[in-house]
Amino acid sequence: MTIKAESKGAFVFKIVHAEFIAPGIKRFIIEAPRIARKQRPGQFVIIRINENGERIPLTIERSDPEKGTVNIVVQSIGKTTHLLNSLNTGDSIMDIVGPLGKPSEIANFGTVVAIGGGVGTAMAYPTAAAMKRAGNRVITILGGRNKDLVILEREMREVSDTVFVTTDDGSYADKGLVTDKLRQLIENGTRIDLVLAVGPIPMMRAVADMTRKEKIHTMVSLNPIMIDGTGMCGGCRVLVEGKSEFACVDGPEFDAHRVDFAVLVQRNSMYRDAEKRSMDDYKCQLEKAKNGAIHEELTSALEAKR
Amino acid sequence: MTTTPTKSKNPVPNKERIKMPRQHMPEQPALERAKQFTEVNLGYPEEVARQEAIRCLECAKPTCTKDCPVGVKVKEFVQLIVEGNYLGAAAKIREDNVLPAITGRVCPQEDHCEGGCLLCKRGESLGIGYLERFVADYEQQHFDSKNIVKAPPTGKKVAVVGSGPSGLTVAGDLVQRGHQVHVFEALHEVGGVLVYGIPEFRLPKKIIREQVDYMRAMGVEFETDVVVGRTVTIDELLEEEGYDAVFIGTGAGLPQFMGIPGEHLNGVYSANEFLTRINLMHAYEFPKYDEPMVDFRGKDVAVIGGGNTALDAIRSALRLGARKAYVLYRRSEVEMPARLEEVKHAKQEGIEFQVLTAPVEFLSDGKGWLTGARCIKMELGEPDASGRRRPVEIKGSEFDLPLSVAVIAIGTSANPIVQSTTPGLNTNKKGYIEADATSQRTSRKGVFAGGDIVTGSATVILAMGAGRRAAKGIHDYLTAGDW
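Residues numbered from 1 in each chain as written. Chains lettered and ligands numbered in written order. Predicted model: local features only at pLDDT ≥ 70, side-chain atom pairs only at ≥ 80, totals over all residues. Heavy atoms only, no water.

Before going further, it helps to spend a moment on the overall build of chain B. Across its full length, chain B carries 18 helices and 14 strands. The C-alpha radius of gyration of chain B comes to 23 Å, within 12% of the 23 Å expected for a compact globule of 483 residues. Judged by the C-alpha coordinates and their principal axes, chain B covers about 70 × 60 × 50 Å. Here chain B holds 483 residues, and 60% of them are scored as buried. Look at the contacts in chain B between residues 6 or more apart in sequence, and 69% of them connect residues 24 or more apart. (Helix = DSSP H or I, 4+ residues; strand = E, 2+ residues; numbered from the N terminus. Rg over C-alpha atoms; globule rule 2.2 N^0.38 Å. Buried < 20%, exposed > 50% of the residue type's maximum accessible area, 1.4 Å probe, protein only. Contact = heavy atoms within 4.5 Å.)

Moving on to the packing of helix 6 (residues 86–94) of chain B against helix 8 (residues 128–141) of chain B. Residue and element names in this part refer to chain B. Viewed as axis vectors pointing N to C, helix 6 and helix 8 meet at an angle of 110°, and their least axial separation amounts to 9 Å. The pairing of helix 6 with helix 8 is recorded here as roughly perpendicular in orientation. Residues Y86, L87, A89, A90, I93 and R94 of helix 6 lie in contact with helix 8, whose contacting residues are E132, F134, V135, Y138 and E139. The residue makeup of the contact of helix 6 with helix 8, split by class, is eight nonpolar, no polar and three charged. (Axes fitted to C-alpha atoms, helices over the stretch in contact; angles between N-to-C directions. Parallel < 35°, antiparallel > 145°, perpendicular 65-115°, else oblique. Nonpolar A, V, L, I, M, F, W, Y, C, P; charged D, E, K, R; others polar.)

Next up on the list: the pairing of strand 4 (residues 245–248) of chain B. Two faces belong to every sheet, and in a regular strand the side chains alternate between them. Residues and elements named next belong to chain B. Residue alternation in strand 4 divides its side chains into two sets, A245 and F247 and V246 and I248, and both sets are buried. Of the pairings in the sheet, the one linking strand 1 (residues 157–161) to strand 4 comprises four bridges and is parallel in character. Within strand 4, the residue paired with V161 across the bridge is I248. As defined by bridge partners, strand 4 adjoins strand 14 (residues 447–449) across three bridges and the pair is classed as parallel. Across the sheet, residue I248 finds its bridge partner in strand 14, namely A449. (Pairing = 2+ DSSP bridges.)

What follows covers the interface of chain B and chain A. Contacts between the two partners involve 49 residues from chain B and, on the opposite side, 55 residues from chain A. Together chain B and chain A conceal approximately 4400 Å² of surface at their shared face, both sides included; 52% is due to carbon and sulfur atoms. Three residues, B:R230, B:H264 and B:D290, lead the burial of chain B against chain A; their summed loss comes to 19% of the area buried on that side. One can count five salt bridges joining chain B with chain A. (Buried area = accessible area lost by both parts, 1.4 Å probe. Salt bridge = Lys/Arg side-chain N within 4 Å of Asp/Glu carboxyl O.)

Here we come to the packing of aromatic side chains. All names here are of chain B. The final tally for this structure, using the stated rule, is 14 aromatic pairs over all chains. Ring geometry for F274 and F296: centres 5.6 Å apart, planes at 80°, overall edge-to-face. Placement of F274 in helix 13 (residues 271–280) and of F296 in the loop between helix 13 and strand 6 (300–304) is noted, with a sequence separation of 22 residues between them. Comparing F274 with F296 shows no difference in burial state: the two are buried. Through a chain of ring-to-ring contacts, three or more aromatic side chains come together here, namely F37, F201 and Y284. (Phe/Tyr/Trp six-rings, centres within 6.5 Å; stacked < 30°, edge-to-face > 60°.)

With that settled, consider the environment of A:L83. Examined against the element boundaries, A:L83 turns out to sit in helix 2 (residues 79–84). C-alpha separation for the pair A:L83 and A:V220, spaced 137 residues apart in sequence, amounts to 28 Å.

To continue, consider the side chain of B:E241. Along the chain, B:E241 turns up in the loop between helix 12 (234–239) and strand 4. B:E241 sits in the buried class, given a relative accessible area of 11%. At 2.8 Å, the side chain of B:E241 and the side chain of A:R34 are in polar contact. (Polar contact = N/O pair within 3.5 Å; in protein donor to acceptor, adjacent residues only side chain to side chain.)

Moving on, we get to the nonpolar core. Of all hydrophobic cores here, the largest spans 82 residues; its most connected members are A:V113, A:I115, A:L182, A:L222, A:F261 and B:F362. By residue number, the principal contributor to this core is helix 3 (residues 121–133) of chain A, which donates seven residues. Not counting the four nearest positions on each side in its chain, A:L222 is found in contact with A:M204, A:V238, A:P252, A:F254, A:V259, A:F261 and A:L264. Of all hydrophobic cores here, the second largest spans 79 residues; its members include B:C56, B:C68, B:I207 and B:M218. (Core = buried A, V, L, I, M, F, W, Y, C linked by side-chain atoms within 4.5 Å.)

All names here are of chain B. Two strands pair when backbone bridges link them, and strand 7 (residues 324–329) and strand 8 (residues 352–355) are joined in this way by four bridges, in the parallel orientation. In the strand pairing of strand 8, V327 is matched with F353. With respect to chirality, the unit in which strand 7 leads through helix 15 (residues 340–349) into the neighbouring parallel strand 8 is right-handed. (Right-handed = clockwise from strand over helix to strand, strands pointing away.)

All names here are of chain A. Taken together, the seven strands give an open sheet; going across it, the order is 6-1-2-5-4-3-7, and neighbouring strands pair in antiparallel fashion. Strand pairing shows two members of the sheet lacking a second neighbour, strand 6 (92–93) and strand 7 (95–100), which therefore form its edges. Where strand 3 (residues 44–48) lies against strand 4 (residues 56–64), four bridges are found, and the strand directions are antiparallel. Its bridge partner being in strand 4, V45 is matched across the sheet by L58.

This part takes up the confidence of the model for chain B. Here chain B averages 93 in pLDDT, while 99% of its residues score no lower than 70. Per the prediction output, this complex has pTM 0.91; the corresponding ipTM is 0.88. (pLDDT = per-residue confidence, 0-100.)

Excluding glycine, most residues fall at negative phi; most peptide bonds, likewise, are trans. A cis amide bond links A:G98 to the next residue, A:P99, at an omega of -5°. With respect to the helices and strands, the residue A:P99 is situated in strand 7. Between B:F286 and B:P287 the backbone carries a cis peptide bond, its omega angle lying at 5°. Along the chain, B:P287 turns up in the loop between helix 13 and strand 6.

Picture the strands of a sheet paired through backbone hydrogen bonds; they go either parallel or antiparallel. Residues and elements named next belong to chain B. Strand order in the open sheet formed by five strands is 3-2-1-4-14, and the pairing between neighbours is parallel. Taken across any chain shown, the strands that pair with only one partner, and hence form the sheet edges, are strand 3 (221–223) and strand 14. Put simply, the sheet's adjacent strands are angled 20° from each other on average, direction ignored.

We now examine the pattern of salt bridges. Residues and elements named next belong to chain B. Applying the stated criterion to the full structure yields 62 salt bridges over all chains. With a closest N to O distance of 2.8 Å, E39 and R105 form a salt bridge. On the criterion of sequence distance, the pair formed by E39 in the loop between helix 2 (30–33) and helix 3 (46–54) and R105 in helix 7 (residues 100–106) is long-range, its members being 66 residues apart. Note that D96 and K73 form a salt bridge whose closest N and O atoms lie 2.8 Å from each other. Of the two residues, D96 is situated in the loop between helix 6 and helix 7 and K73 in the loop between helix 4 (63–66) and helix 5 (74–82); the sequence distance between them amounts to 23 residues. The buried category is assigned to D96, whose relative accessible area is 8%. Counted as one network, the salt bridges with shared partners bring together E27, R33, R202, D312, R315, R319, R339, E341, E342 and E349.

Here the focus is helix 7 (residues 261–268) of chain A. In terms of burial, helix 7 of chain A is largely enclosed, as six of its eight residues are buried. When we look at burial in helix 7 of chain A, the residues that qualify are A:F261, A:V263, A:L264, A:Q266, A:R267 and A:N268. Looking at the packing, one finds that the buried side of helix 7 of chain A touches helix 6 (201–214), strand 13 (218–221) and strand 14 (237–240) of chain A together with strand 5 (268–270) and helix 13 of chain B. Capping of helix 7 of chain A at its N-terminal end is provided by A:D260; its side-chain oxygen lies 3.2 Å from the backbone amide nitrogen of A:A262.

See the structure below:
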């Protein structure tokens, strides 16, 4: 088997398909044969859109080794994700590196509860699917602020024995939080051997607090700020039982009961001012471009009249 | 490519040469350069280079070559400068060193070629590094791919993992011997630590790109965005992608932290992260580049450590507008591992050295941000395993140093990615790869390793020395076929 060199100039990471699957959440299918071939559930990629871009970690939803493509799911939050989500089929991304991080530990644990909050569902999905294939009973709980932000429900149903959905505002399925559903399961005496929770930090922290009391083994997939993704920089360090561990080489999955979530929240806020400035500048540029386009349209309309 | 010994063309008699002072390296004025990232040293003009070259005593048994980890034929290339044959001098260096423009800038010459120079006994050593840089820069300006000398193709394929100094050396040496070489780099730019670690003011990116382009012209292929061990394994390279040998030069890797309270505060960086943001990601050009950095303007910053990395970090902080910039080092200045020239430059720029000082705790504002370091003074006790005198805490000497940013530059430990995904690859207790000291062979057939991933953190030139030995080891293996 020969693999085409993915070097710059020789290889571009081409977007073969792009579609919004929810407002502000886009799925990209991207040509990256080396990554597609090696990706395992729980792993991620780091991307850099263009020459001046920052490096950010992103979830791999699934990959197709035959076609040599990987799917990534991106929620527009800051400048980079907004810019990424403005790309379409046929566009390309300058750098994608991966698959990074340790794969999820897949085994027949018994009953696994997979919890996906918002875009975190895309990270939980491949692990849930692998857990099902490994013979586990998979109970899935999906949560979102509202109906639109519950993603991958159909895909999750295909790999789960049972799926529960909660929305914060009650616009779809059960009103409430994923932890409300988890509490119900625990109170009903459901035997749970492992919980996997991927989503916003407050959600993961709440799940960890709940299962700690019940002594249910719980894994979370963490999303600290990251640069190289190979262990070289130490920027993604998380405090795990008082010790520094690196999310990119020791994680991204960690035992939820050992993670210091407060430190994770604090470190993720480190560049808030700069991130805001980048986003404001980006919006400003978009506005200018839009005005420019309108101006051009008017000018060409005038030209046509003449 | 051997030169027959010729009579010296040096116009000055030996006893006169001893009296000639070492030529000064022109540099940007300290206060000007402390505000920008442009290169500190400006390079010898041609006439100055020749004046300096004339100082060489042309020793019968030169220690400069013996003390050089890659064995550059110093006397011969310096002689060629005297003769005005600069391209000849460049070719002479390239016989042993494929990255002359880089070593000419970042090598700790005082520990190698210049350390044993006879001229030291009467004054200052020959400016070998400065001359090497002059020749390399001259060669770049007069570059012609026709000058590239290469053996005929052997049909053998070699994979090089990591494009830092050891990997580039292996690639350059092997491509010269006619092998096909493919270099894998995890980051998006080629150069490894040269790109992410060493700042623009000491080693401009342009220089690295030129040296890499030179290698491309020689036929070396580069593939970025590949983390060997994750994207592809060593076994897959050997078995599925048809490489006849693999060289592992992945570098030191994981930054060490001190294990003191407060290390997770916002404002506490590892030197690797700090320098990567600045060098690789251009955070100093935010918002033109997207990667952010804490705003340093008017803030007090300290680096912990006394190596080149520590000085690179603190001098970068100064250039980002820091008000006070400290080096906190637990031993005395004598033990400091940084290059002498860097210490001199740092002092000129206004960096404050607080030696025999170590932080014991990082202090917080209660909202997760750093406000200072509680430090303790040290004194030197008995020598330790490294032969350097061990620093011992002076009880009751604690004091608080107000800081907004602290950068930890106390070294690195082995990156486990390749080792943990390559069965049968032996490592030592600390996780570094075991390799033969001469051939750089590992415990796996066809797999060689060198540089920081074998020795732990060292210097560019020592990694290049390992690369040199590995290239010979690989060439011998590929031509003889025995393991």
